Amino acid sequence: MPDSSISTQGLTKVFGHFRAVDTLNLDVKSGELFGLLGPNGAGKTTTVRLLCTLIEPTMGSATVAGFDIRKDPAAVRRTIGVVSEGVSLYKDLTIEENLKLLSTLYDLPRNRAESRVQELLEMFAFREKAKRLVGALSTGWQKKAMICAALLHDPKVLFLDEVTSGLDPQSAIALQDFTKHLCDQGVTVIWTTHYMGEPEKICDRVGIMFAGRLVQVGTPGELKHSVSELSVVEVETPDLSPMQLEKVKHRLSSMNQVCRVRYSESKLQVSCERKETLAEEVASALLDVGARIRTINTKDPTLEEAFIALTGGEEEIDRFMESAGQTK
Amino acid sequence: MSLSSFIADTLAIAANEFRQFRRNRSAILISLVILPLFFTASLGAGRGGAGTSFSATTDIPMAFVDNDLSVASNRLWQTLASSPDFHSLSQSYDEQQSIGLLGSKKIYAVIVVPKGFQNDLDNGFQARIILYTDDSEPGVSDQIQSTLTNYVQNFNPNLEVQPILTQAEKQSIAGVEIIQKGASFAGFNVGLTIVLAVVQIFAGFYEIAGGMSREREEGTYARLLSTPVPIEAIVLGKTLFDLLLSTARTFIVLGLAIYGYGARPNTDLLTLLTLSLLVALVTMGLGFVASALKLGQRAVVIVEFFLILFLFAFSGLIIDKELLVGVSQTIATLLPFTYAFDALRRTVLLGRPLLSLTWDLEYLIMSGIIFYTISLVLLRESRERLIR
């Protein structure tokens, strides 16, 4: 097994005039839990589909578990598992029947298939639901069934594409724990999401994708550190009226360094380039408009703030989302 | 990939189709009840069927030449002339002149009773009558010969028919001209040639194109593509299961046509099944082509509607291919279903053996191969369009 479980060189996918994935160079080590983070349309799902050999690259190359995605797609498919919004199970079949079908398609020997199906049903607490139709299960159980199916043939690489969307918080946490456990057993996991909090909690490394490009790769700590030039001030200031908020925004924007002002649930969050006096300036602006201040804190940037800083700010993201939506 | 693995994948896909089908009540209802029963019953009701007399030869003009002029030959003449199957049989006294009329379209057969006919019968020898037929109309001689053989053996087991064809066989329309000449067939025989093909076309297209678009929309197609299973195994597996359904449909249509509407197909079950499944295969190939073009489920229904209209307009179903002009005739000539209806008429109405329909069979098989090849190429090429 090569050290790099996934390796891409200049991987590019163009749909018409839209570059969904643009010159992607990426190395993911065996047993690593790698997060691909980015807004909708950033190219995460297209990257997963390229690596799963569901679609062919326009340019560039990639290997998955040592197999070239262009030259040996069948071998790639034998070594990967996919859980994706677009890749589903047969709703008119039971979980057991779905698993048995897939065990044949993955060429598992009959005895091995039988025991593996039972093992997975046990592992995911599907025993009582094994004979129920997939279509009759809740979203959470359907997701679990899809993960079961993806693990059936002991894949070396597992792609989990937006896997927690639609899951309740408990199921999402259980899934995150289970994924970490899989990585401990040597499975490489690619976890794509647009929820900024997820990769920060579970991923060994995170790649930030934006407009088809891999903007930055590193551990969550490294990414946050890379934007340590960022100052974040959080003020608890209840009952701030829209007019007061506008005045504060106007005052702070006149300082020129402010990149973001956000107010929700009585908390005003201001992020801008590092500035020693930011807390004082924010406090002064609030007091001048007659706002009350309960607490005021400076804090380290989160991965979300790092993401926004690395991708050029919220306005840039909005512009991209708009153009991606139009192009697609 | 090994052959055994390919076969296992194909059978797994076919079994999967079966599992889904048996759980889908509306699919069972549409595929095995509504479509076969609706088409058969509506055509049966429209054309009437039960109780209509059956004879493919009744109105075919023939001559009877009695060279023996014996009691036995006279009894044979009376037997034939009074039968509903030889309603247009007339007596002639000049064998050569009658034979000379063959090919003129005035008569299509000459039945000659040779001298010594009664003598042979009286002495327990094998007697024979000679049948000259004009086979420029395909199927006519077969039909006359089989009907006549039936009669003479009932008349006397020691009697046989010696057939002599007077014209080289010519490939042309079958059945249609006979029908126009006024020959009557079993009540629902004509309807059966339509229903057998139309039901398979309607159901086969919906099952394949509709099924594939449903798989695509529900994400199960992408699931299959993410496994090592080759696209050929997916297509073949689905085809296998659909052939089973088509077989069941054939039996349902035949059962209702024969027992409900008095159809008496002039051929054997194997021939009917083979032709019906060939039509189904060609349609399935077309269905796979349509599915590779990323038709949605709703679009499949609309396309199917136009497909059926197209069939009725151009495949000789209502208007003979020969009567169409210009582009219409070109379309009819190219359309594989024209040959399917033609083959069904030749067999069901005229009793032609399956293997004599070389051109029709070749065209249908070739069309099936072409559709399947195109669909495999398209499904591979449009792989990413289909999962987006």
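Residues numbered from 1 in each chain as written. Chains lettered and ligands numbered in written order. Predicted model: local features only at pLDDT ≥ 70, side-chain atom pairs only at ≥ 80, totals over all residues.

(A) View of the overall build of chain A. Looking only at helices and strands, one finds 12 helices and 14 strands in chain A. Counting over 328 residues, chain A shows a buried share of 43%. Once local pairs closer than 6 in sequence are excluded, the contacts in chain A between residues at least 24 apart make up 71%. (Helix = DSSP H or I, 4+ residues; strand = E, 2+ residues; numbered from the N terminus. Buried ≥ 20, exposed ≤ 12 C-beta atoms within 10 Å, placed from the backbone. Contact = placed C-beta atoms within 7 Å.)

(B) Quick look at the overall build of chain B. Counting its secondary structure elements, chain B contains 16 helices and 5 strands. Expressed as a percentage of the 388 residues in chain B, the buried residues total 48%.

(C) A look at the interface of chain B and chain A. Listed as interface residues are 21 residues of chain B and, on the opposing side, 23 residues of chain A. Secondary structure elements with two or more residues in the side of chain B that touches chain A: helix H1 (3–23), helix H9 (220–225) and helix H16 (383–387) of chain B. Considering every element that reaches the side of chain B that touches chain A, the biggest residue donor is H1 of chain B, with 8 residues. Partitioning the side of chain B that touches chain A into residue classes produces 7 nonpolar, 8 polar and 6 charged. (Nonpolar A, V, L, I, M, F, W, Y, C, P; charged D, E, K, R; others polar.)

(D) Here's a closer look at the domain arrangement of chain A. Segmenting chain A into domains produces domain 1 (4–219) and domain 2 (229–299). Summarising the inter-unit geometry, the C-alpha centres of domain 1 of chain A and domain 2 of chain A are found 41 Å apart. (Domains from an automatic or database assignment.)

(E) The sheet that holds strand S2 (residues 18–29) of chain A, seen in detail. Residues and elements named next belong to chain A. A sheet is described by the order of its strands in space; here 4 strands give the open sequence S2-S1-S4-S5, paired in antiparallel fashion. This sheet does not close on itself; its edge strands, each paired only once, are S2 and strand S5 (67–68). Inspection of the sheet shows strand S1 (residues 4–15) paired to S2 by 8 bridges, in the antiparallel sense. Pairing of Ser-4 across the sheet is with Lys-29, part of S2. Its contacts with the sheet place helix H1 (residues 44–51) against S1, S2 and strand S4 (59–64), and it is angled at close to 65° to S2. (Pairing = 2+ DSSP bridges. Axes fitted to C-alpha atoms, helices over the stretch in contact; angles between N-to-C directions.)

(F) Spatial organisation of the packing of helix H8 (residues 189–218) of chain B against helix H14 (residues 336–349) of chain B. Residues and elements named next belong to chain B. It is the contact of H8 with H14, at a shortest axis distance of 9 Å, that shows an interaxial angle of 145°. Handedness of the H8/H14 crossing: right-handed. Two secondary-structure elements touch here, H8 through Asn-189, Val-190, Leu-192, Thr-193, Leu-196, Ala-197 and Ile-201 and H14 through Phe-337, Ala-340, Phe-341, Leu-344, Arg-345, Val-348 and Leu-349. Residue composition of the contact of H8 with H14, grouped by class: 11 nonpolar, 2 polar and 1 charged. (Left-handed = near helix turned anticlockwise from the far one by under 90°.)

(G) Highlighting the sheet that holds strand S3 (residues 33–37) of chain A. Residue and element names in this part refer to chain A. The strand order S6-S7-S8-S3-S9-S10 describes an open sheet built from 6 strands, whose pairing is mixed. Every other strand in the sheet has two partners, leaving strand S6 (80–83) and strand S10 (213–218) as the edge strands with one partner each. Between one strand axis and the next, the sheet turns through 15° on average, direction left out of account. Pairing geometry for S3 and strand S9 (residues 205–210), over 4 bridges, is parallel. Bridge pairing in S9 places Leu-37 opposite Ile-208.

(H) Molecular detail of the nonpolar core. Core analysis: the biggest nonpolar cluster contains 151 residues, and Cys-148, Phe-159 and Val-189 of chain A together with Val-195, Ala-197 and Ala-340 of chain B have the highest contact counts within it. It is H8 of chain B that contributes the most residues to this core, 16 residues altogether. Apart from the residues within four sequence positions on either side, Val-195 of chain B is in contact with Phe-39, Thr-40, Leu-43, Val-253 and Ala-257 of chain B. The next biggest cluster of nonpolar side chains, apart from the first, holds 28 residues, and it includes Ile-99, Val-112, Ala-127 and Tyr-132 of chain B. (Core = buried A, V, L, I, M, F, W, Y, C linked by C-beta atoms within 7 Å.)

(I) Main features of unusual backbone geometry. All names here are of chain A. For Asp-154, which is not glycine, the phi dihedral falls at a positive 50°. For Asp-154, the position within the fold is in the loop between helix H5 (139–151) and strand S7 (157–161). If you check the backbone angles, Glu-265 has positive phi at about 50° while not being a glycine. Mapping Glu-265 onto the fold places it in the loop between strand S12 (258–264) and strand S13 (267–273).

(J) Region of the structure containing the pairing of S6 of chain A. Residue and element names in this part refer to chain A. Of the two faces of S6, both are covered, the one formed by Ile-80 and Val-82 as well as the one formed by Gly-81 and Val-83. In this sheet, S7 lies alongside S6 in parallel orientation, the contact comprising 4 bridges. Following the sheet pairing, Val-82 is matched in S7 by Phe-159.

(K) Structural view of the confidence of the model for chain A. Per-residue confidence for chain A gives a mean pLDDT of 84, with 88% of residues at or over 70. The lowest-confidence element of chain A is helix H12 (residues 314–327) of chain A, averaging 56 in pLDDT; the highest-confidence one is S5 of chain A, averaging 95. (pLDDT = per-residue confidence, 0-100.)

(L) Representation of the packing of helix H11 (residues 269–292) of chain B against H14 of chain B. All names here are of chain B. Contact pair H11 / H14: the axes reach a minimum separation of 11 Å and the direction vectors enclose 170°. In terms of orientation, H11 lies roughly antiparallel with respect to H14. Where H11 approaches H14, its residues Thr-271, Leu-275, Leu-278, Val-279 and Val-282 are matched on the opposing element by Pro-336, Ala-340, Ala-343, Leu-344 and Thr-347. Considered class by class, the residues forming the contact of H11 with H14 number 8 nonpolar, 2 polar and no charged. (Parallel < 35°, antiparallel > 145°, perpendicular 65-115°, else oblique.)

(M) Expanded view of the environment of Gly-44 of chain B. Residue and element names in this part refer to chain B. Here Gly-44 lies in helix H2 (residues 25–47). By the C-beta count within 10 Å, which is 23 here, Gly-44 ends up buried. For the pair Gly-44 and Ser-2, spaced 42 residues apart in sequence, the C-alpha separation works out to 49 Å.

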